[in-house]
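Analysis of the macromolecular model
Listed here are the chains, written in short residue letters.
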Amino acid sequence: MFASAVFAFRIWVQLPIIEKSLVKVSAQELTALNFAFKQMSKPLHTINYDYAVWDRTYSYMKSSNMSAKRFYEQHEYPDDTFKSLKVDGVFVFNNENKLVFSKGFNHDNDHRLIFTFTDFKQYPQNKALSPQKKVALPPIEPQIESPSDVPSKTGVIATQYGPALFSSTTILQSNRTGPIMGYLVFIRLIDKNFIDELSQYTVAGVTMSSLTQDEQNGSGINLDSNVAPTKLTASSTRIVHNIDGKPLFKLVLNHTNTSLPPLIDSSVIILLAELSTLLLLGYLLYSYFLVNPVRKLAVDIEEMDKSREIKKLQYSYRISELVKVATHFNALMGTIQEQTKQLNEQAYIDKLTNIPNRRSFEQRLETYCQLLARQQIGFTLIIADVDHFKEYNDNLGHLAGDEALMKVAQVLTQQFYRAEDICARFGGEEFIMLFRDIPEQPLCHKLEAMINGFKELNLPHPTSKTAKYVTVSFGVCTITANDYAFKSESSVIARQAILAADKALYHAKASGRNRFSKTIMTLEQIEQNN
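Residues numbered from 1 in each chain as written. Predicted model: local features only at pLDDT ≥ 70, side-chain atom pairs only at ≥ 80, totals over all residues. Heavy atoms only, no water.

As for its placement among the helices and strands, Ser 464 is situated in the loop between helix 13 (440-457) and strand 13 (472-480). For Ser 464, a relative accessible area of 15% puts it in the buried group. Those residues in contact with Ser 464 that sit more than four places away from it in its chain are His 388 and Tyr 469. (Helix = DSSP H or I, 4+ residues; strand = E, 2+ residues; numbered from the N terminus. Buried < 20%, exposed > 50% of the residue type's maximum accessible area, 1.4 Å probe, protein only. Contact = heavy atoms within 4.5 Å.)

Applying the stated rule across the entire model yields 16 salt bridges. In this structure, the salt-bridge partner of Lys 250 is Glu 215, at a minimum N-O distance of 3.2 Å. Taken together, the positions of Lys 250 in strand 9 (residues 247-254) and Glu 215 in helix 6 (residues 213-216) put the pair 35 residues apart, joining distant regions of the chain. Each member of the pair, Lys 250 together with Glu 215, is buried. Three or more residues joined by partner-sharing salt bridges are found here, namely Asp 385, Asp 387, Lys 509 and Arg 513. (Salt bridge = Lys/Arg side-chain N within 4 Å of Asp/Glu carboxyl O.)

This paragraph deals with the sheet that holds strand 13. If you trace the five strands from one edge of the open sheet to the other, you get 11-12-10-13-14, paired in mixed fashion. In this open sheet, the two strands that pair with only one neighbour each are strand 11 (422-427) and strand 14 (516-522). Taking the axes of each pair of neighbouring strands and ignoring which way they run, one obtains an average angle of 20° across the sheet. In this sheet, strand 12 (residues 430-436) lies alongside strand 11 in antiparallel orientation, the contact comprising five bridges. (Pairing = 2+ DSSP bridges. Axes fitted to C-alpha atoms, helices over the stretch in contact; angles between N-to-C directions.)

The next subject is the environment of Ser 511. Assignment of secondary structure puts Ser 511 in the loop between helix 14 (490-510) and strand 14. Judged by relative accessible area, Ser 511 falls into the partly exposed class, the value being 34%.

Here Ser 473 lies in strand 13. Residue classification places Ser 473 among the buried residues on the basis of a relative accessible area of 0%. At 2.7 Å, the side chain of Ser 473 forms a polar contact with the side chain of Asp 387. Reaching out from Ser 473, the side chain makes a polar contact with the backbone nitrogen of Asn 514 at a distance of 3.1 Å. Excluding anything up to four places from it in sequence, Ser 473 contacts Ile 383, Ala 384, Asp 385, Asp 387, Leu 505, Ala 508, Lys 509, Arg 513, Asn 514 and Arg 515. (Polar contact = N/O pair within 3.5 Å; in protein donor to acceptor, adjacent residues only side chain to side chain.)

With that settled, consider the sheet that holds strand 2 (residues 99-105). One open sheet holds the six strands; their spatial order is 3-2-1-6-5-4, and the pairing between them is antiparallel. The outermost strands of the open sheet, each flanked by one partner alone, are strand 3 (112-113) and strand 4 (152-159). Judged from the two bridges that link them, strand 2 and strand 3 form a sheet pairing that is antiparallel. By the bridge assignment, Gly 104 is partnered in strand 3 with Leu 113.

In contact at an axis separation of 9 Å, helix 2 (residues 55-62) and helix 3 (residues 66-76) are set at 145° when each is read in the N-to-C sense. The interaxial crossing formed by helix 2 with helix 3 has left-handed handedness. Residues Arg 56, Thr 57, Tyr 60 and Met 61 of helix 2 form the contact with helix 3, whose participating residues are Lys 69, Tyr 72, Glu 73 and Glu 76. In terms of residue class, the contact of helix 2 with helix 3 is made up of three nonpolar, one polar and four charged. (Left-handed = near helix turned anticlockwise from the far one by under 90°. Nonpolar A, V, L, I, M, F, W, Y, C, P; charged D, E, K, R; others polar.)

Our next topic: the packing of helix 12 (residues 398-413) against helix 13. At a minimum axis separation of 9 Å, helix 12 and helix 13 run at an interaxial angle of 135°. Regarding the angle of helix 12 to helix 13, the classification is oblique. The interaxial crossing formed by helix 12 with helix 13 has right-handed handedness. The residues of helix 13 that touch helix 12, namely those facing Lys 407, Val 408, Val 411 and Leu 412, are Met 450, Gly 453, Phe 454 and Leu 457. Considering only residue class, the contact of helix 12 with helix 13 consists of six nonpolar, one polar and one charged. (Parallel < 35°, antiparallel > 145°, perpendicular 65-115°, else oblique.)

Quick look at the structure:
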């Protein structure tokens, strides 16, 4: 009997340790929900910035020609733009908070939408949409050095169609100069499709629900709160607030760990009672078959918690209850691994050079190709390759090679001022760049500045056949817009642009390196070459 009591005590001592680990899993799921909600807001802000800090939008606000204004509205905001950018509303305001242009179009079901939240007389709290601290009359000319300094605002706002994400950005010229000419607002409705996409990010199921009376009075926990759960529950709720700070709706996260499976039931207790008659033999049997596996299970979970390393438990136990616990725990670990994988896929920065990586570049290139095919906005793609880099590595070592690549990235990125342009590491010693709608003369100035930048850097290259310092060759392909009705997929533009830039790079290297070679293509030529 004594051996049975000792065993039962040891079993129940370990249960809180296991439950504590599962509660931490629930906390990680809530953190993933908050992170995913913020990640889904970022594309809306990026697109909103690109349209607001743009010469065409700036000219639209300055112009008094109604025909030119209608052309901008019809050409820049057709129905296809809403569908490709995943937005449901576009609103342009002047510096007096007066609505200049608005259009609502549901990008999922192609229904026209007429929004009323822009009526600031009826909804005065929505004046907070303005990213500017106060109305500036006459328009002020701010000093803005980088895209991050441009006044902007993101959040959630109530509409008659339900809550919506919004992004609001001050209207400026592409080089962030000139007087502020108002602000541009993009919204995306938080509907069933939005919640379904959010659930894919978090793995665990997410639903949207209305607030109770107590939650409307502020009793709930905010989405961005650091409050962690203290016990296992089937679900957790987090409150999302309106633009005026009042609770608007709640997200319900259905946890994968709803309860802790029992370790001991009546059959085990009966078995213990029967074996208690054989004290010594019973104690040895209990220790071998039950106590040691449970202790090992608890120790494995505790070590996993300390090391922060997620791995599956081995559950080759003879006791079915222990198998249930290990199986349940492994299912939770699989959920966390899937969440970690999806969160890691959000990383768009090259670890070595700390600039955008190839995936980030490909995403931006896809957007550029869609804008070119649908709105006739051209772009320039540049591939840069470090000359004689293999010899540099062989002579000075790979650590020196890594340092050289970091310095090359620093020189190249000095020529990127606009948020929509990008310089990324393509792989190895190759870098790839995009400039949207840039004239030929400024483009040549930037390329010459890059080449001169490496001359000023004067990073020694003892085995180079081109110069005594590290040099770079450039292949340049400019895709021009010529009002051609492009019929192929936008991916065709991307493939042809990269191939053309690569051929230009080969020509630059064959011509002596440390220089650039350019080529120009039209949409018609691209489709003919496909």
